[in-house]
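Next come the chains, spelled out residue by residue.
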Amino acid sequence: MKVGVLALQGAFIEHEKTLRALGVEPVEVRLPEQLSDLDALIIPGGESTTIGKLAVRFDLLEPLRAFAQTKPVWGTCAGMIVLAKDIGRDQPLLGVIDITVNRNAFGRQVDSFETNLSVPELGADPFHAVFIRAPLVTGVHDGVQVLARLGDGGIVAVRQGHWLATAFHPELTPDDRFHRYFLGEVAGLPLEL
Ligand code: GLN
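The structure displayed is predicted, hence computed values, not measured ones.

Between two aromatic rings, the relevant description is the distance of the centres plus the angle of the planes. Going through the model one piece at a time under the given rule, you end up with 10 aromatic pairs. With a centroid separation of 5.4 Å and an interplanar angle of 55 degrees, the aromatic rings of Phe131 and Phe168 are classed as tilted. Linking Phe131 in strand S8 (residues 127-132) with Phe168 in the loop between strand S12 (163-166) and helix H5 (177-186), this pair joins segments that are 37 residues apart in sequence. Of the aromatic side chains, those joined through ring pairs into one cluster are Trp74, Phe106, Phe113, Phe127, Phe131, Phe168, Phe178, Tyr181 and Phe182.

Shown next, in the form of structure tokens:
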């Protein structure tokens, strides 16, 4: 299987490390042709405005949109923003997942924090989640499954068919269950583990 990591900006190296630990050799994606034989793609955290601008500059935005129509894509943090349909402002996005997202939703005082989330799809053990200037999902529309909420009900992980989005950074902690869930459940790839 070939799994790409969008490598324009942000925390792509950390995703690559987790993929390698799972026995998957990642492909760094910076050019449209690098998408051609991928089975799935991860869009990392970073700065969504920068990722969007670079995607436009490298003529990647339309190829990424086309890829996402048929192939599994997971966005973490900035990647969640890039996948969302509505973020309430104008910046280059793929605009595929039917959610409304509020960028930098947690304000200055708590702009980064860690917390344990209950994620039933991953089993009974809580998932330790790292949030860094994270977005929050403020609206979900038909067909979107909520995978995790904060204690106050705020939505921080969703799935819509072959698209996954998390407001936090599973690539920054040793728990690889979200990577396995994406590859195995969302992408349907044969993970031999
Ligand atoms: N605040 C960033 C943005 O708006 C996301 C932060 C992150 O990816 N850690 O794109």
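Buried within helix H1 (residues 12-21) are the following residues: Phe12, His15, Glu16, Thr18 and Leu19. The buried residues of H1 all sit within an arc of 165 degrees when viewed along its axis, so they share a single face. Exposed and oriented more than 90 degrees from the buried face of H1 are Lys17 and Ala21. Contacts from the buried residues of H1 go to strand S1 (3-6), strand S2 (26-29), strand S3 (40-43), strand S4 (73-76) and H5. Gly23 sits one or two positions beyond H1 and adopts a positive phi of about 85 degrees.

What counts and what doesn't
Residues numbered from 1 in each chain as written. Predicted model: local features only at pLDDT ≥ 70, side-chain atom pairs only at ≥ 80, totals over all residues. Heavy atoms only, no water. Phe/Tyr/Trp six-rings, centres within 6.5 Å; stacked < 30°, edge-to-face > 60°. Helix = DSSP H or I, 4+ residues; strand = E, 2+ residues; numbered from the N terminus. Buried < 20%, exposed > 50% of the residue type's maximum accessible area, 1.4 Å probe, protein only. Arc of directions from axis to C-beta. Contact = heavy atoms within 4.5 Å.

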